[in-house]
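# Structure at a glance
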Amino acid sequence: MMRKISNSCATTVAVCLVACSALTALVSLLPKAHAADGTLVEKGRYIATAADCLACHTAPGGKPFAGGYPIITPVGTIYSTNITPAPKTGIGDYTKAEFFNAVRLGIGHNGKRLYPAMPYTSYAAVTDDDMEALYAFFRSGVAPVEQENRSGNVRFPFSIRSGMMLWNWLYLDTRTFQPRPGETPQIARGRYLVDHLEHCGTCHTPRTLFMGPASGRSLSGSVVGAWYAPNITTDKIAGIAEWTDSDLRNYLKSGHALNKGQAAGPMAEVVTNSTQLLTSDDIDAIIAYLRDVPAIASSEKRSRTSYEGAGRPEEVARGQINPEDRGWKIFSGSCASCHQAQGQGVNAYPSLTHNSATGSSNARNLVATILTGVERQTGETAVFMPAFGSGALWVNRLSDQDIADVSNFILKTFGNPSVQIDARYVAKRRTELTP
Ligand code: HEC
Ligand code: HEC
Ligand code: HEC
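Description of the structure in this document.

Rules and cut-offs
Residues numbered from 1 in each chain as written. Chains lettered and ligands numbered in written order. Predicted model: local features only at pLDDT ≥ 70, side-chain atom pairs only at ≥ 80, totals over all residues. Heavy atoms only, no water. Salt bridge = Lys/Arg side-chain N within 4 Å of Asp/Glu carboxyl O. Helix = DSSP H or I, 4+ residues; strand = E, 2+ residues; numbered from the N terminus. Buried < 20%, exposed > 50% of the residue type's maximum accessible area, 1.4 Å probe, protein only. Core = buried A, V, L, I, M, F, W, Y, C linked by side-chain atoms within 4.5 Å. Domains from an automatic or database assignment. Contact = heavy atoms within 4.5 Å.

### Quick notes on the pattern of salt bridges
Here the structure, examined in full by the defined rule, presents 18 salt bridges. As a salt-bridge pair, Asp 130 and Lys 43 come within 3.5 Å of each other at their nearest N and O atoms. With Asp 130 in helix α6 (residues 128-140) and Lys 43 in helix α2 (residues 34-50), this residue pair connects regions lying 87 residues apart in the sequence. The exposure class assigned to Asp 130 is buried, which follows from its relative accessible area of 10%. Among the salt bridges present, the one from Lys 260 reaches Asp 247, with a minimum N-O distance of 3.4 Å. Of the two residues, Lys 260 sits in the loop between β5 (256-257) and β6 (261-262) while Asp 247 sits in helix α10 (residues 245-254), which places them 13 residues apart along the sequence. For Asp 247, a relative accessible area of 10% translates into the label buried. Within the structure, one salt-bridge network assembled from shared partners comprises Arg 364, Lys 428, Arg 429 and Glu 432.

Right under this line is the structure:
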């Protein structure tokens with residue numbers, strides 16, 4: 001019995017050896033087969049995450065990377081395209097060179113010039129290695145979806161795509177990323193992420209009249225549709241110098257930094273699809289670089305997170321404010337159940353004092369949050385505030401006047417009292433949220 005087993009074992013081993021060495025010989029003849037491709041695809045997946053391709057190339061509720069997400073710009077609405085490997089409607093027939101040119105130079109199929117709503121000016125510096133990995137991922141890591149592209153309504157003269165050649169001549173720097181002399185590897189990595197892959201500046205850097213990034217104003221704050229992407233330079237008042245490393249880490253990992261700010265709207269998408277998934281080393285590199293960017297001041301005299309509700313009337317505490325104040329009535333009916341009567345917040349509901357949305361020198365993020373609510377998913381945690389705008393599902397819709405009144409109440413009671421708005425301001429923000 002014993003012999004028999006060991007005999008058959010020996011046979012199995014021998015067969016295995018022959019088979020295995022034959023296999024190894026065969027594999028070594030093939031071009032680098034699946035194992036190696038797998039790691040390249042995984043590397044590409046991480047780069048696509050850091051570059052946040054998903055956020056723009058997925059329509060709300062749509063299939064990943066199948067396009068159709070509206071990007072609302074001052075010159076009209078541009079829809080992102082299908083970048084799944086589907087042969088007919090996607091980029092299944094793109095060669096590697098065509099893919100590289102689309103991502104880094106903004107040149108699509110048959111030389112079609114892409115609008116810079118696709119942030120190729122940021123991606124232009126992406127290294128060849130990272131591009132190879134990205135291409136591998138979009139070939140074999142993404143499910144093909146046949147879905148036609150939507151055409152947008154870009155206004156003349158911007159509707160003429162070849163006009164982008166002039167624009168590119170002004171704003172496109174095609175040099176590949178190189179660490180600067182004297183820059184630490186960590187700061188260099190952070191700069192590669194912030195300025196290129198993560199393209200933080202497409203939202204946080206102000207634009208010129210021609211929609212190019214304003215030179216020398218990098219990351220000093222900009223309008224993004226109805227929203228405002230604040231100044232994130234090292235300026236003590238206008239920037240985020242006072243945010244600690246752990247504030248920034250919490251913000252990029254979870255979208256929330258206690259008594260500083262929270263990520264709604266486009267920034268919630270950045271956190272949900274991208275920054276929460278970065279390695280700790282990459283988050284630390286981003287923070288190290290943000291600490292290193294030049295401070296850029298603006299007209300503010302006081303930091304937006306420093307308002308502590310000093311103007312909060314005694315009556316609010318006692319729940320008996322001027323009953324004629326419409327803003328207060330709306331606040332106590334629609335907001336106080338979560339943000340609490342004195343705006344101090346509780347648990348996952350943030351305080352409205354020490355809050356960058358209410359202390360800012362403009363009311364955009366306050367108004368846009370009321371209109372659209374907040375939806376963010378990080379790890380197991382879902383953060384939710386209902387929308388009070390036209391998309392309201394769970395609560396009564398608020399009119400432009402209601403939103404102006406409640407905003408003014410919040411600004412003067414908990415936030416920056418020098419900012420006050422009217423119904424027209426809210427109406428304008430609504431149009432900026434509609435494609
Ligand atoms: C900020 C939004 C945004 C991000 C982020 C973004 N794209 Fe795009 N992309 C667009 C838009 C909008 C278009 C269509 C532009 C046009 O019609 O001119 C586009 C077009 C493209 C095209 C051309 C497709 C075609 O149909 O010819 C490719 C390829 C592409 N993107 C790949 C990527 C990849 C890969 C990433 C991540 C590395 C990415 N995009 C990230 C907005 C974005
Ligand atoms: C798609 C546009 C967009 C991109 C890309 C983007 N941001 Fe933002 N960011 C915003 C908006 C809008 C806000 C305001 C969000 C709010 O208050 O709800 C914001 C807020 C922030 C804040 C909080 C500032 C404050 O005072 O509340 C930080 C920090 C920040 N972003 C860092 C970054 C970094 C770092 C990147 C790149 C990794 C980045 N952002 C990419 C749009 C963007
Ligand atoms: C059901 C609970 C709930 C109600 C009701 C509610 N909120 Fe919120 N609010 C939240 C949550 C949750 C957040 C996001 C917290 C986070 O991002 O970590 C939030 C965030 C905010 C922010 C910060 C947004 C930003 O971009 O930084 C403001 C301002 C705000 N709410 C104002 C209001 C106002 C005004 C009302 C009433 C019209 C209201 N909220 C009603 C739960 C609520």
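Here the narrative resumes.
### With respect to unusual backbone geometry
Notably, Phe 65 is not glycine yet its phi reads approximately 65°, a positive angle. Positionally, Phe 65 belongs in the loop between α3 (53-57) and β1 (70-73). Under the relative-accessibility criterion, Phe 65 is labelled buried at 9%. Here the phi dihedral of His 199 falls at roughly 40°; this positive angle occurs in a residue that is not glycine. As for its placement among the helices and strands, His 199 is situated in the loop between α8 (185-197) and α9 (201-204). Judged by its relative accessible area of 12%, His 199 falls in the buried class.

### Topic: the nonpolar core
In this structure, Phe 99, Phe 138 and Leu 197 are the most contacted members of the largest nonpolar core, which totals 61 residues. At seven residues, the largest contribution of residues to this core is made by α6. Residue-level mapping places this core at the junction of two domains, with at least three residues from each of domain 1 (34-171) and domain 2 (185-290). In this structure Phe 99 touches Ile 91, Tyr 94, Met 131, Leu 134, Tyr 135 and Phe 138, once residues within four positions along its chain are discounted. Of all hydrophobic cores here, the second largest spans 23 residues; its members include Trp 328, Phe 331, Cys 335 and Ala 404.

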